[in-house]
Amino acid sequence: MSIRLLPKVLVDKIAAGEVIERPGSVVKELVENALDAGASRVEVDLEDGGSKLIRVRDDGCGMSAEDLALAFLSHATSKLQDEDDLFDVRTMGFRGEALSSIASVSQARIASRPADAEAGHEIRAEGGEIGEVKPCASPPGTEIEVRNLFYNVPVRRKFLRTPATEMAHVTEAVTRLALARPDAAFVLTHNSRRVFNLPPAEDRAGRLGEFFGREVAENVIPLRERFPEVEIEGYLLPPS
């Protein structure tokens, strides 16, 4: 058989299979992007464990119409400027195919507005087909909707577990990020039921208390160690 270039829509679906395992993978990518955008509040709404709807809202810096036009393109990012940035990572990470891959296997929409802009803009994508940027009503920040995940890749969709199982993976992903960023507020809702609503905490011990109770927060043992290139911070619990 001769070698040939794959069409872009197929390339994006293959990349999506590497980047997106389940709704929890999408939520992790979108929440990390929100935090990198300077969000102090992140709201995550889901339906049917995220297979039907994932909506992530933030109050971060927002995107201009020009930025939105690039958002769904592969390897478009604000997190890297040049090669040196690969060795000086100051964000929660960069995966160049994330939004592009999400858009290739869902019906996606981004609405965003920078704080200093008079109006917001939105862009939609379905199955990798990207629409035009249009004006829309939007508060400062960004809202991303991902509907019907894997609707056009039925072999992947059938491997999704029950909504309860997928929701457990989403909850774990958001919990990990909320523990890492106690300075930000997090709201998680599933099928219109509030899973948790966390206000900003003074420190990680306070955030631990919100998840696991005051007794845990009062008995944690701080752990911090500095090395030339890395600092480790955490908490230990006594065996009791």
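For the structure, check the block above.
In this report, we go over the structure that sits alongside the text.

Rules and cut-offs
- Residues numbered from 1 in each chain as written.
- Predicted model: local features only at pLDDT ≥ 70, side-chain atom pairs only at ≥ 80, totals over all residues.
- Heavy atoms only, no water.
- Axes fitted to C-alpha atoms, helices over the stretch in contact; angles between N-to-C directions.
- Helix = DSSP H or I, 4+ residues; strand = E, 2+ residues; numbered from the N terminus.
- Parallel < 35°, antiparallel > 145°, perpendicular 65-115°, else oblique.
- Left-handed = near helix turned anticlockwise from the far one by under 90°.
- Contact = heavy atoms within 4.5 Å.
- Nonpolar A, V, L, I, M, F, W, Y, C, P; charged D, E, K, R; others polar.
- Expected span 1.5 Å × (residues − 1).
- Buried < 20%, exposed > 50% of the residue type's maximum accessible area, 1.4 Å probe, protein only.
- Phe/Tyr/Trp six-rings, centres within 6.5 Å; stacked < 30°, edge-to-face > 60°.
- Patch = residues over 30% accessible without salt bridge, like charges linked within 9 Å, V, L, I, M, F, W, Y side chains within 5 Å.
- Areas by Shrake-Rupley, 256 points an atom, 1.4 Å probe, with all protein chains shown as cover.
- Salt bridge = Lys/Arg side-chain N within 4 Å of Asp/Glu carboxyl O.
- Core = buried A, V, L, I, M, F, W, Y, C linked by side-chain atoms within 4.5 Å.

As a further point, take the packing of helix 2 (residues 23-36) against helix 6 (residues 163-180). For the pair helix 2 and helix 6, the least separation of the axes is 8 Å and the interaxial angle reads 25 degrees. In terms of orientation, helix 2 and helix 6 fall into the roughly parallel class. When the axes of helix 2 and helix 6 are compared, the crossing they make is right-handed. Residues Pro23, Gly24, Val27, Lys28, Val31 and Glu32 of helix 2 form the contact with helix 6, whose own contacting residues are Glu166, Val170, Ala173, Val174 and Leu177. Of the residues belonging to the contact of helix 2 with helix 6, the class tally is 7 nonpolar, 1 polar and 3 charged.

Over its 18 residues, helix 6 runs 26 Å from end to end, which matches the ideal 26 Å to within 8%, given 1.5 Å per residue. Listing the buried residues of helix 6 in full gives Glu166, Met167, Val170, Ala173, Val174, Thr175, Leu177 and Ala178. Of the surrounding elements, those touching the buried residues of helix 6 are helix 2, strand 1 (41-47), strand 8 (185-190), strand 9 (193-198) and helix 7 (204-212).

Between the first and last C-alpha of helix 2 there are 20 Å, a value that for 14 residues agrees with the 20 Å anticipated at 1.5 Å per step. Judged by how many residues are buried, helix 2 sits mostly within the fold: 11 of 14 residues are covered. Taken as a whole, helix 2 has its buried residues at Pro23, Gly24, Ser25, Val26, Val27, Glu29, Leu30, Val31, Glu32, Ala34 and Leu35. Just downstream of helix 2 lies Gly38, where phi reads positive at about 85 degrees.

So, on to the packing of aromatic side chains. Tallied over the entire structure, the rule returns 2 aromatic pairs. Aromatic pair Phe196 and Phe211: ring centres 5.4 Å apart, planes at 85 degrees, arrangement edge-to-face. Of this pair, Phe196 sits in strand 9 while Phe211 sits in helix 7, placing them 15 residues apart in sequence. Taking relative accessible area as the criterion, Phe211 reaches 22% and is therefore assigned partly exposed.

All right, on to unusual backbone geometry then. The phi angle at Phe150 is positive, at roughly 65 degrees, despite the residue not being glycine. With respect to the element layout, Phe150 can be found in the loop between strand 7 (141-147) and helix 5 (154-157). Owing to a relative accessible area of 1%, Phe150 belongs among the buried residues under this scheme. Even without a glycine there, the phi angle at Asn191 is positive, about 50 degrees. For Asn191, the location among the structural elements is in the loop between strand 8 and strand 9.

A surface patch of nonpolar side chains, about 520 Å² in accessible area, is lined by Ile221, Leu223, Phe227, Val230, Ile232 and Leu236. Elements supplying a minimum of two residues to the nonpolar patch: strand 10 (221-226) and strand 11 (231-236). Along the chain, Val230 turns up in the loop between strand 10 and strand 11. For Val230, a relative accessible area of 45% puts it in the partly exposed group.

Let's shift gears to the nonpolar core. Counting 42 residues, the largest nonpolar core has Ile20, Leu30, Val31, Val42 and Phe186 as the members making the most contacts within it. It is helix 2 that contributes the most residues to this core, 6 residues altogether. Beyond its immediate sequence surroundings of up to four residues, Val42 is in contact with Val31, Ala34, Leu35, Val56, Arg57, Ala185, Phe186 and Val187.

Shape is all these values report; function is a separate question.
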